Number of protein chains: 2
Amino acid sequence: MNDSMRSKMDSQRRDSISAFFEPRAVAVFGSLQQQGGPGYGTISNMLELGFRGKLYPISPSGGEVLGLAAYPSLDAVPGPVDLAMIIIPPPAVPGIIEQCARKGVKAVVIGTEGFAESGEEGAMLQRQVLDIARRSSLRIIGPNTIGVLNAANGLATVPYPIACKKFMKGGIAYCGHTGLISAHSHPIGPHAYPLSKLCDFGNKCDINEVDLLDYLSYDPETKVIVMHLEDVRDGRNFVATARKAVARKPVLIFKPGRSEAGARAAASHTGSLAGDDRVYDAAFKQAGVLRLSNWREFWEIPRVFASQPLPKGNRIAIIGLSGGGGVVAADAADEAGLEIAIFTSETTRKLAKLSPRLGSNPVDFGPPATVATDPLDLSEEAISLVLADETVDCAALVMHSGLGGALARVIEMLCRINEKTPKPFTVWIDGPLPSVTEELYCQLASRGLATYLDLETSIKALSMTVAYSRIKSALAQEMA
Amino acid sequence: MNDSMRSKMDSQRRDSISAFFEPRAVAVFGSLQQQGGPGYGTISNMLELGFRGKLYPISPSGGEVLGLAAYPSLDAVPGPVDLAMIIIPPPAVPGIIEQCARKGVKAVVIGTEGFAESGEEGAMLQRQVLDIARRSSLRIIGPNTIGVLNAANGLATVPYPIACKKFMKGGIAYCGHTGLISAHSHPIGPHAYPLSKLCDFGNKCDINEVDLLDYLSYDPETKVIVMHLEDVRDGRNFVATARKAVARKPVLIFKPGRSEAGARAAASHTGSLAGDDRVYDAAFKQAGVLRLSNWREFWEIPRVFASQPLPKGNRIAIIGLSGGGGVVAADAADEAGLEIAIFTSETTRKLAKLSPRLGSNPVDFGPPATVATDPLDLSEEAISLVLADETVDCAALVMHSGLGGALARVIEMLCRINEKTPKPFTVWIDGPLPSVTEELYCQLASRGLATYLDLETSIKALSMTVAYSRIKSALAQEMA
């Protein structure tokens, strides 16, 4: 196969995956009962999200659901269908896939459980389904999955209530092996995750992490690819694809099943063969993939890549309202391989002019703020001075939500700083009232700041931007 | 000094500290201005919390504040005063301490900053203040502190708004070197931390971590002692006292300033000399102190000690609504030194009877729950079966708040389980709506469950109970 043939095949493969995310028409197979019917749930979510394509509920008994006419079968649907979402008992699935193949459906999400993960009988069904798909160049995500989301067009194949009328369109693509990654399990909408696309692989009978890595690395909406993987089945292909993806955008991977106990659990969860974690670690390093350590990092770290520029170096400034928080942050910075910036004498002088207690890094503007005429003005001046210092590559703000009285002004202040500085920074928030902290967190997140509810993770996130910056330069040099 | 003399002195020292937490009358020195006056803030907090002692605002100009008459000086206060809270500019503090000494005040919290932490001039003032105290057997907490809280009597020397009318009385005592540990910075009230007492050491000119360790180890309200320490000044005394405390109750310590950068930051924050972290680590191990790794653990781990029994061994069951969550939890358990329990064949059989997919650990009752007539009944049966298994010492529940429809039933179910089982368990919660997750978290916390918003920390917490269980047995054997 020559290069142009390979490139054509790659591009065809990407097209086949785009049917999952950009379908013009979607058919939904699954109970349309209002109480817990998965077909009903899926359609209800898509209507709430304002899905911009055609939506065809399929039900042998016909009828109507949420104002949409249900069709007795796929053959009865008048126009073409790009994507089918199937949530019906496993034995009936092969017949439906046959219908889909006949209709020219390009993409099928099989949500139902009870396939390869449940034993030999299910594995046989799964092979049968895949055979039909292969014969008709129809692609499958799943089985055993909640499928896909696309923040840009309101597509959501999730049958469970996601309680959200709109996702924040943004640069993070989430993929994984668990329904926990989806919007019915985690507050993706309310917490304003800047989302491009989301995909739960399920049993990966056809489409897997390599396909998505490749597709998302070319997706102009996606700025950072984040994956939760219980296993990788084709290591060589994965490393080659990941390496190419990493040259374009950061790839962050959380790989559970690291321990023997975890690997056993993964085998019974998705039939994953987790393998030796050191092998994964080496493969990720080779590909330039950044590894996430835990579930919290999986959710919190990507935000910084979606909203902040990459830093030029690893020197961090820590600025905030708490000396004690500064010490904790300094430890976290050191452990993450960041250096505490030593300010220029000019910055030190200017800070000391604001208050004699300021000047060194970490900067604690808590004490001067309690006696300042306008604590917010003082904070803004101090933060701006520090971010402008040439010895500073990135900054972590240690903030406080207060009781909410000055919330609007705090938000405006931080947004102004975010607009002005070309350097990445994160904002950690705590406060006495969870509702106010939550409000500040969401408001800042929805305005494109990298906000954190965990102090150490806010620092670790910055260190990941430094790491990616280095990987990217190294790859660029190699490829030059 | 013989043993009975030493014991008498120890008990006197404890009495002198109890004046900080159980004062019958408190005098407050500090501006009574409604906008940001620290005296006003302190009095307002104590009135809101229903402080059960006498409260005397002191102001040279007299007047009235929040319905209380202000006295022009301490000498003018008619009855005795046990505790004085002082938040006035540093140069005026020595004079006030003299007044306190004359009046027979036993305990003084100096909130004001600008003492030893700010330079030589402040250090001189601090020495002067301490001299007066020593001459009159008056004890000092601070300077540079937000002081103390006592959940049992509504005492709170915090000048900043804490937005809370009541703390949940419980077994956790928090001490530390930062205002971040207090109720104006963290949602101690709203998140239902089961609090006994809280103390911010500040500059530790007089009272320090050793005094509090000793006092709290005898405090019947306190079940677990948690400290944030930027330094320990008298290592030998600390280890001896901590060891005795650990024999009575768990002592958990978070020690920032581990790195060189952190140590430098600590020096400028509270004048702490952080020293080599390996020395601290060895001292903590010698004393049987459990070390907390980060700020999140500082807040989240103690809950399990305040509300749950100690486990008999290290075998964990992981039970929940997510297979993916089970894999992550299994990794975390392994990394924390817990063993995944292998259920008896009877339990396996009974679980399989509930659903053919159940039976192995981690238990994922997500799939059967989606098809069960009553998912909550199924969950309760599965959790109860697992907790009753003799191979299980503790359990981690991987839960989901949903949209809140069945919240009351979920809470009742988990409370019933908590009442019945003699084994410790933790509950991790996530869900699509932060407000509902928060509601479930707070409701469960206020009913004495060990709830977590971070999956890995919910497992680490259990491993800490196992660790303390072992330390306690070892100490008991040694002392027998």
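Residues numbered from 1 in each chain as written. Chains lettered and ligands numbered in written order. Predicted model: local features only at pLDDT ≥ 70, side-chain atom pairs only at ≥ 80, totals over all residues. Heavy atoms only, no water.

Undergrad: What am I meant to see in the packing of helix α11 (residues 323-335) of chain B against helix α17 (residues 455-479) of chain B here?
TA: The relative placement of two packed helices is expressed as an angle between their axes plus a distance between the axes. All names here are of chain B. Viewed as axis vectors pointing N to C, α11 and α17 meet at an angle of 40°, and their least axial separation amounts to 9 Å. Classified by the angle their axes make, α11 and α17 are oblique. For the pair α11 and α17, the sense of crossing is right-handed. Taking contact as the criterion, the partners of G325, V328, A329, A332 and A333 in α11 are, on α17, L455, E456 and I459. (Axes fitted to C-alpha atoms, helices over the stretch in contact; angles between N-to-C directions. Helix = DSSP H or I, 4+ residues; strand = E, 2+ residues; numbered from the N terminus. Parallel < 35°, antiparallel > 145°, perpendicular 65-115°, else oblique. Left-handed = near helix turned anticlockwise from the far one by under 90°. Contact = heavy atoms within 4.5 Å.)

Undergrad: In this structure, what is going on with the interface of chain B and chain A? I would like to understand it.
TA: Where interface size is given, it is often the accessible area lost as the parts come together that is meant. Counting from both sides, the interface comprises 61 residues of chain B and, opposite them, 60 residues of chain A. Carbon and sulfur atoms make up 59% of the area that chain B and chain A hide from each other, which totals about 4,500 Å². Across the contact surface, chain B and chain A share four salt bridges. Put simply, R296 of chain B and D454 of chain A hold a salt bridge, and the shortest N to O gap is 2.5 Å. In this assembly, chain B and chain A are joined by 18 residue pairs in polar contact (both at pLDDT 80 or more). Elements that contribute at least two residues to the side of chain B that touches chain A include exactly α7 (260-270), α9 (295-300), α11, α13 (366-371), β19 (425-430), α16 (434-446) and α17 of chain B. The leading source of residues in the side of chain B that touches chain A is α11 of chain B, at nine residues. (Buried area = accessible area lost by both parts, 1.4 Å probe. Salt bridge = Lys/Arg side-chain N within 4 Å of Asp/Glu carboxyl O. Polar contact = N/O pair within 3.5 Å; in protein donor to acceptor, adjacent residues only side chain to side chain.)

Undergrad: Can you help me understand the sheet that holds strand β1 (residues 25-30) of chain A in this one?
TA: Consider a sheet: its strands pair through backbone hydrogen bonds, and that pairing is either parallel or antiparallel. Residues and elements named next belong to chain A. Read across the open sheet, the five strands follow the order β2-β1-β5-β6-β7; overall the sheet is parallel. For this open sheet the edge positions go to β2 (54-58) and β7 (139-141), each flanked by a neighbour on one side alone. Between one strand axis and the next, the sheet turns by 20° as a mean value, whatever way the strands run. Here four bridges tie strand β5 (residues 83-87) to strand β6 (residues 107-110), and the two strands are oriented parallel to one another. (Pairing = 2+ DSSP bridges.)

Undergrad: Mind showing me how you'd approach helix α5 (residues 209-218) of chain A here?
TA: Quick reminder: α-helices carry 3.6 residues per turn. Residues three or four places apart thus point the same way. All names here are of chain A. For α5, the buried fraction is high: nine of the ten residues fall into the buried class. Listed as buried for α5 are E209, V210, D211, L212, L213, D214, Y215, L216 and S217. Near the N-terminus of α5, the side chain that reaches the backbone nitrogen of V210, with its oxygen 2.9 Å away, is that of N208. (Buried < 20%, exposed > 50% of the residue type's maximum accessible area, 1.4 Å probe, protein only.)

Undergrad: Quick question: what am I supposed to make of the environment of E335 of chain A here?
TA: Residue and element names in this part refer to chain A. Relative to the helices and strands, E335 resides in helix α11 (residues 323-335). A residue is classified by how much of its surface remains accessible, and E335, at 51% relative accessible area, is exposed. E335 sits 125 residues away from K460 along the chain, and the two C-alpha atoms are 8.7 Å apart.

Undergrad: Explanation requested: unusual backbone geometry in the structure shown.
TA: For residues other than glycine, phi is negative in most cases, and the peptide bonds are mostly trans. With an omega of -5°, the peptide bond between G142 of chain B and P143 of chain B qualifies as cis. For P143 of chain B, the position within the fold is in the loop between β7 (139-141) and β8 (148-150). Of note, the bond from N361 of chain B into P362 of chain B is cis; its omega dihedral lies within 30 degrees of zero at 0°. Turning to its location among the elements, P362 of chain B is positioned in the loop between α12 (345-354) and β17 (363-364). One non-glycine residue, A192 of chain A, lies in the positive phi region at around 55°.

Undergrad: Where do I start with the relation of the copies chain B and chain A in this structure?
TA: Two copies of the chain are present, and they differ by a rotation about an axis and a shift along that axis. Each copy superposes on the other: chain B lies on chain A with an RMSD of 0.0 Å after a rotation of 180° and an axial shift of 0.0 Å. In short, the pair behaves as if placed about a two-fold rotation axis. Ranked by how close their C-alpha atoms come to the rotation axis, the residues of chain B are headed by S435 of chain B, at 4.1 Å. When the interface residues of chain B are mapped onto chain A, 98% of them again lie at the interface, so the same face is used by both copies. (Least-squares fit on C-alpha atoms with pLDDT ≥ 70 in both.)

Undergrad: Can you help me understand the pairing of strand β12 (residues 224-228) of chain A in this one?
TA: As a general feature of sheets, a regular strand has side chains that alternate between the two faces. Residue and element names in this part refer to chain A. Taking burial as the measure, the five residues of β12 include five buried ones, the bulk of the element. As defined by bridge partners, strand β10 (residues 169-176) adjoins β12 across four bridges and the pair is classed as parallel. Bridge pairing links C175 to M227 in β12. As judged from the four bridges shared by β12 and strand β13 (residues 251-254), these two strands associate in the parallel manner. Of the residues in β13, the one forming a bridge with V226 is L252.

Undergrad: Looking at this structure, I do not really get α16 of chain B. What am I missing?
TA: Taking 1.5 Å per residue, 13 residues should reach 18 Å; α16 of chain B reaches 18 Å between its end C-alpha atoms and fits that length. Elements that come into contact with the buried residues of α16 of chain B comprise α16 (434-446) of chain A together with α10 (302-307), α15 (407-420), β19 and β20 (450-452) of chain B. G448 of chain B sits one or two residues past α16 of chain B and shows a positive phi near 85°. (Expected span 1.5 Å × (residues − 1).)

Undergrad: Sorry if this is basic, but what is going on with the state of the cysteines here?
TA: Linking two cysteines covalently through their sulfur atoms gives a disulfide. Residue and element names in this part refer to chain B. Enumeration over the complete set of coordinates arrives at zero disulfides over all chains. The closest cysteine sulfur to the non-disulfide-bonded C205 is located on C199, 12 Å from its own sulfur. We classify C205 as buried; its relative accessible area is 11%. (Disulfide = S-S within 2.5 Å.)

Undergrad: It is not clear to me how the pattern of salt bridges should be interpreted in this structure. Could you clarify?
TA: What the rule picks out here adds up to 68 salt bridges over all chains. Connected through salt bridges with shared partners, the residues D10, R13, R14, R134, R139, D206, D211 and D214 of chain A form a single ionic network.

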